[in-house]
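Structural description and commentary
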Amino acid sequence: GGFGGGGGFSNGGLGAALGQIDFSKTELVQFEKDFYIEHPDVTKRGEAEADAWRASKQIVVVGTGVPKPCMTFEEASMPQYILTEVLKCGFDKPTPIQSQGWPMALKGRNMVGVSATGSGKTLAFLLPAMIHINAQVRSSMFMGNCIPLCEITLKRASEVQA
């Protein structure tokens, strides 16, 4: 079965033509990963209050130094150009995955976010990604901006296959 008459997708041999990189002979460009500035209202919020909010939203965090969630767009430390567009769209506050995910992503921390369809996962990923992209320096004319695409790629692949 399937659509279109072509063969199926195969990822066999994917990346087979890629060569090894000798990092001892490669100068890597330094880049900033931490763009999160904790809002004073978030700083005032106690850990117990943050933990109670997470529990009420069924959010489980594991690890050390996990930032407290931001409850408003203003608390999220987004640049004005992003905040303006988000508010123009009529959103009143971040969804739970955005509230906890934005501080993590803006800090450049590893994160796995699992949430229902329509819960705001894509914006939880993409808005911090735009900030990271805009801050990157292009190291060569052949190298573009890079962001991790696992979340979106896996999500879209499973939707297409279904």
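What comes next concerns the included structure.

Criteria and thresholds
Residues numbered from 1 in each chain as written. Predicted model: local features only at pLDDT ≥ 70, side-chain atom pairs only at ≥ 80, totals over all residues. Heavy atoms only, no water. Helix = DSSP H or I, 4+ residues; strand = E, 2+ residues; numbered from the N terminus. Buried < 20%, exposed > 50% of the residue type's maximum accessible area, 1.4 Å probe, protein only. Contact = heavy atoms within 4.5 Å. Areas by Shrake-Rupley, 256 points an atom, 1.4 Å probe, with all protein chains shown as cover. Axes fitted to C-alpha atoms, helices over the stretch in contact; angles between N-to-C directions. Parallel < 35°, antiparallel > 145°, perpendicular 65-115°, else oblique. Left-handed = near helix turned anticlockwise from the far one by under 90°. Phe/Tyr/Trp six-rings, centres within 6.5 Å; stacked < 30°, edge-to-face > 60°. 1 Å grid on protein atoms, 1.4 Å probe; cavity = no way out; pocket = protein on both sides within 12 Å on 5 of 7 lines; lining within 4 Å. Points joined across faces, edges and corners; volume = space filled by probe spheres on them. Nonpolar A, V, L, I, M, F, W, Y, C, P; charged D, E, K, R; others polar. Patch = residues over 30% accessible without salt bridge, like charges linked within 9 Å, V, L, I, M, F, W, Y side chains within 5 Å. Salt bridge = Lys/Arg side-chain N within 4 Å of Asp/Glu carboxyl O.

A short note on the overall build of the protein chain
- Summing up its helical and strand segments, the protein chain has six helices and zero strands in all.
- Seen in sequence order, the protein chain has helices and strands lined up from the N terminus as α-α-α-α-α-α.
- Counting across all 162 residues of the protein chain, residues that qualify as buried make up 27%.
- Put simply, 65% of the contacts in the protein chain that link residues at least 6 apart link residues at least 24 apart.
- Looking at the protein chain as shown, the accessible area adds up to about 11,600 Å², and 60% of this sits on carbon and sulfur atoms.

What to know about the packing of helix α4 (residues 96-106) against helix α5 (residues 121-135)
- For the pair α4 and α5, the least separation of the axes is 9 Å and the interaxial angle reads 25°. One finds that α4 runs roughly parallel with respect to α5. Considering how the two elements wind past one another, α4 and α5 form a crossing that is right-handed. Residues Ile97, Gln98, Trp102, Ala105 and Leu106 of α4 lie in contact with α5, whose contacting residues are Lys121, Leu123, Ala124, Leu127, Pro128, Ile131 and His132.

Details of the packing of aromatic side chains
- Following the criterion strictly, the structure yields one aromatic pair and no others.
- Measuring from centroid to centroid gives 5.8 Å for Phe73 and Trp102, while their planes differ by 45°, and the two rings are tilted. Of this pair, Phe73 sits in the loop between α2 (47-56) and α3 (80-88) while Trp102 sits in helix α4, placing them 29 residues apart in sequence. For the pair Phe73 and Trp102, one class covers both residues: buried.

With respect to α4
- Most of α4 is tucked away, with nine of its eleven residues classed as buried.
- The set of residues buried in α4 consists of Ile97, Gln98, Ser99, Gln100, Gly101, Trp102, Pro103, Met104 and Leu106.
- Once α4 finishes, Gly108 follows within two positions and takes phi at roughly 80°, a positive value.

A word on the layout of surface pockets
- Roughly 410 Å³ of internal volume is contained in the second largest pocket.
- Every residue lining the second largest pocket is counted, 19 residues in all, and those nearest its centre are Ile59, Val60, Val112, Gly113 and Val114.
- Grouping the amino acids of the lining of the second largest pocket by side-chain chemistry returns eleven nonpolar, seven polar and one charged.

Focus: the packing of α3 against α5
- α5 packs onto α3 with a crossing angle of 150° between their chain directions and a minimal axis gap of 11 Å. When the axis of α3 is compared with that of α5, the two are roughly antiparallel. Judged by the twist between their axes, the crossing of α3 over α5 is right-handed. Taken together, the residues of α5 that come into contact with α3 (itself represented by Tyr81, Ile82 and Val86) are Leu127, Met130, Ile131 and Asn134.
- For the contact of α3 with α5, the residue count by class is six nonpolar, one polar and no charged.

Description of a nonpolar patch on the surface
- Together, Ile21, Phe23 and Leu28 make up an exposed nonpolar region whose accessible area comes to about 340 Å².
- Along the chain, Ile21 falls in the segment before α1 (40-44).
- Accessibility expressed as a relative area gives 53% for Ile21, which makes it exposed.

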